[in-house]
Amino acid sequence: MNKTINLQIKPNFIEQYKKGYPLITPEYIFDLEDIDDGTIVNLVDNKKRFISKGYLGRQNKGYGWVLSLKDEQIDTDFFKIKIKEALDYRDDFFKSSDTTAFRVFNSQGDGIGGLTIDYFSESNNQAGCYMITWYSNGIYKFKKQIVDALEAQVNYKAIYQKKRFDTKGQYIDDKDDFVSGERVDFPIQIKENGVHFAIYLDDGPMTGIFLDQKVVRKTIMTKYSKGKTILNTFSYTGAFSVYAALGGALKTTSVDLANRSFEKTAEQFKINNIDPSTQDIIVEDVFHYFKYAVKKNMLFDMVVVDPPSFARSKKNTFSVSKDYTKLLKEIIQITKKGGMIVASTNYANLNMKRFRDFIDKAFKESNSKYIIEDVYALPKDFKVSKSFLESDYLKVIFIKKIK
């Protein structure tokens, strides 16, 4: 891993790398195929002049990431500096009494593609848990240096990890995600905008909440929920529903295909002192539920839709890039006039303009009209790279149906 090799940038892309483009990809670099994950590489021009330094690690995005525009050592001290800068950037989060879970290191946005670190604590006045997610075997080769760099700079109770470096970015089940510190009895109860959530760092790929939607959830609670009926589709553990109920919703309906979504959603309601029996929690294919809702002439004041980029059930296959317009047309049918659709996607290859085009097409084909009330992207703790627009993946639009 200490060996460094030179890789030549294709002539048309040299300027991009000089300006900080972070992704190492066969389209831009010669001769990538036969190099081991974890290898440190110098990217050079056709005269072997140094441009940038990175590491190789095949994942669903490219073959590796640039780490520095300087010819420097990639060691524990390098990672200490990067993590310290990230911690300083989020200093206000650590001081918050209302939010005790957030991202502390966001991949290429903080200078190390393929690596994220999240923080979870029952109180910011006590040591919390850190969760490192490795998105390639290449960055995982630096596990010791990165863990050492993190341990040297934070007060922690435990460090856990998630490996997501198969070629599609899926979770690799190691049976034990504990790294260091003391083992924790999960769940722990964190706060986000004053709302409580049960968090598990030892239970497969998910934790119990997606931290990138914190601002969107708060908007639903404080601005749009009071006195409303809310349908939360692809609801996972029901976070949007919990916020809506706390915001004064008449009733929330949470729909998700996963069997465990029922008990997980009920748990989140309970720890916020909401009786789950007063809410509807439905385990069903979302598309089947739409048909049922149309048949029963059901209409909602707000529908939240935040589907996975790709999903497959026994009878349906869903892809954001191909099917989002169709999905919105289903939702328009069951949204009241004057009601709100919260349309969300985390599909990185879909930009905001195209996403708006999907919305416009869905309303035109439904012979309906709309206005856009609010637009959101990633929150502050999910720092993005200005040189890599794909890193700003989250797009959320609050759409008011006016006809």
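Residues numbered from 1 in each chain as written. Predicted model: local features only at pLDDT ≥ 70, side-chain atom pairs only at ≥ 80, totals over all residues. Heavy atoms only, no water.

Peer 1: Would you explain the overall build of the chain in this entry?
Peer 2: Within the chain, the secondary structure is distributed over 11 helices and 21 strands. Here the C-alpha radius of gyration of the chain, 22 Å, is about what a compact globule of 403 residues would show, namely 22 Å. Expressed along its principal axes, the backbone C-alpha trace of the chain runs to roughly 70 × 50 × 40 Å. Within the chain, the fraction of its 403 residues that count as buried is 55%. For the chain, the exposed surface amounts to about 18,600 Å²; the carbon and sulfur share of it is 47%. On the chain, the mean spot of the 62 positive side-chain charges and the mean spot of the 52 negative ones are 6 Å from each other. (Helix = DSSP H or I, 4+ residues; strand = E, 2+ residues; numbered from the N terminus. Rg over C-alpha atoms; globule rule 2.2 N^0.38 Å. Buried < 20%, exposed > 50% of the residue type's maximum accessible area, 1.4 Å probe, protein only. Areas by Shrake-Rupley, 256 points an atom, 1.4 Å probe, with all protein chains shown as cover. Lys, Arg positive; Asp, Glu negative; His and termini not counted. Charge placed at Lys NZ, Arg CZ, Asp CG, Glu CD.)

Peer 1: Whenever I open this one, the sheet that holds strand β8 (residues 128-134) confuses me. Can you help?
Peer 2: Strand pairing in a sheet relies on backbone hydrogen bonds, with the paired strands running either antiparallel or parallel. Spatially, 5 strands are ordered β6-β7-β8-β9-β10 in an open sheet, and the strand pairing comes out mixed. In the strand order of this sheet, the two ends are held by β6 (101-106) and β10 (178-181), each with one partner. Averaged over all pairs of adjacent strands, the angle between their axes in this sheet comes to 20°, without regard to strand direction. Summarising the sheet, β8 and strand β9 (residues 156-163) pair through 7 bridges and their orientation is parallel. Paired with I132 across the two strands is Q161, which belongs to β9. The strands touched by helix α5 (residues 143-151) are β7 (115-120), β8, β9 and β10; relative to β8, the strand with the most contacts, the crossing angle is about 155°. (Pairing = 2+ DSSP bridges. Axes fitted to C-alpha atoms, helices over the stretch in contact; angles between N-to-C directions. Contact = heavy atoms within 4.5 Å.)

Peer 1: How do you make sense of the pairing of strand β15 (residues 280-283) when you look at a structure like this?
Peer 2: Direction of pairing for strand β14 (residues 251-256) relative to β15: parallel, over a ladder of 4 bridges. Bridge pairing in β15 places D256 opposite V283. Note that the unit made of β14, helix α8 (residues 261-270) and β15 has a crossover that is right-handed. (Right-handed = clockwise from strand over helix to strand, strands pointing away.)

Peer 1: I'm lost on the sheet that holds strand β5 (residues 64-68) in this one. Help?
Peer 2: One open sheet holds the 5 strands; their spatial order is β1-β3-β4-β5-β2, and the pairing between them is mixed. If you trace the sheet from one side to the other, it starts and ends with β1 (4-8) and β2 (23-24), each paired once. Sheet topology note: the strand β4 (residues 50-56)/β5 ladder contains 4 bridges and is antiparallel. Counterpart to K53 in the pairing with β5 is S68.

Peer 1: So what exactly am I meant to see when it comes to the layout of surface pockets here?
Peer 2: A water-sized probe rolled over the atoms picks out the places where empty space is left. Roughly 320 Å³ of volume is contained in the second largest pocket. Lining the second largest pocket are 16 residues, with L67, K82, Q108, D110 and G111 positioned closest to its centre. At the level of elements, β5 and α2 (76-89) are the ones that each hand at least two residues to the lining of the second largest pocket. Taken together, the residues of the lining of the second largest pocket break down into 5 nonpolar, 7 polar and 4 charged. (1 Å grid on protein atoms, 1.4 Å probe; cavity = no way out; pocket = protein on both sides within 12 Å on 5 of 7 lines; lining within 4 Å. Points joined across faces, edges and corners; volume = space filled by probe spheres on them. Nonpolar A, V, L, I, M, F, W, Y, C, P; charged D, E, K, R; others polar.)

Peer 1: Hey, could you run me through the environment of T76 in this one?
Peer 2: Mapped onto the secondary structure, T76 falls in helix α2. Between the C-alpha atoms of T76 and K144, which are 68 residues apart in sequence, the distance is 8.3 Å. Ignoring sequence-local partners within four residues, the contact set of T76 consists of Q145, D148 and A149.

Peer 1: What am I meant to see in the packing of aromatic side chains here?
Peer 2: Ring pairs (aromatic) are described by centroid distance and by the angle formed between their planes. For the coordinates displayed, the defined rule picks out 29 aromatic pairs. Each ring, one from Y21 and one from F388, has its centre 5.8 Å from the other, and the planes form 70°; the classification is edge-to-face. With Y21 in the loop between α1 (14-18) and β2 and F388 in the loop between β20 (370-376) and β21 (395-401), the pair connects residues that are 367 residues apart, well separated along the chain. Since its relative accessible area comes to 10%, Y21 is described here as buried. The interplanar angle of 90° and the centroid separation of 5.5 Å between the aromatic rings of W65 and F388 together place this pair among those described as edge-to-face. (Phe/Tyr/Trp six-rings, centres within 6.5 Å; stacked < 30°, edge-to-face > 60°.)

Peer 1: How do you make sense of α8 when you look at a structure like this?
Peer 2: Quick reminder: α-helices carry 3.6 residues per turn. Residues three or four places apart thus point the same way. Within α8, 7 of the 10 residues are buried, leaving the element largely enclosed by the surrounding structure. Three or more residues of α8 are buried, namely S261, K264, T265, A266, E267, Q268 and F269. Those residues of α8 that are buried lie in contact with β12 (195-199), α7 (239-246), β14 and β15.

Peer 1: Would you explain the environment of D323 in this entry?
Peer 2: Position of D323 relative to the elements: it lies in helix α10 (residues 320-333). For the pair D323 and S309, spaced 14 residues apart in the sequence, the C-alpha separation amounts to 10.0 Å.

Peer 1: So what exactly am I meant to see when it comes to the pattern of salt bridges here?
Peer 2: Side chains bearing opposite charge may pair, as long as their charged atoms lie close to each other. Using the criterion set out here, one finds 23 salt bridges in the structure. Put simply, K264 and D203 hold a salt bridge, and the shortest N to O gap is 3.7 Å. Pair noted here: K264 is in helix α8 and D203 is in the loop between β12 and α6 (214-224), with a separation of 61 residues, a long-range link. Residue K264 is classed as buried on the basis of its relative accessible area of 11%. With a closest N to O distance of 2.8 Å, K214 and D381 form a salt bridge. Of the two residues, K214 is situated in helix α6 and D381 in the loop between β20 and β21; the sequence distance between them amounts to 167 residues. (Salt bridge = Lys/Arg side-chain N within 4 Å of Asp/Glu carboxyl O.)

Peer 1: What's the story with α7 in this structure? I'm lost.
Peer 2: Counting buried residues in α7 gives 7 out of 8 residues, a clear majority hidden from the surface. After α7 finishes, the residue G248 shows a positive phi value of roughly 95°.

Peer 1: Explain the pairing of strand β11 (residues 188-192) here, please?
Peer 2: Regular strands have side chains that alternate between both faces of the sheet. Because side chains alternate across β11, one face comprises the buried residues I188, I190 and E192, and the other comprises Q189 and K191, none of which is buried. Where β11 and β12 come together, 5 bridges link them in antiparallel fashion. Each bridged residue has a counterpart across the sheet, and for E192 the counterpart in β12 is V195. Where β11 hands over to β12, the hairpin turn is made up of 2 residues, of which N193 adopts a positive phi near 55°.

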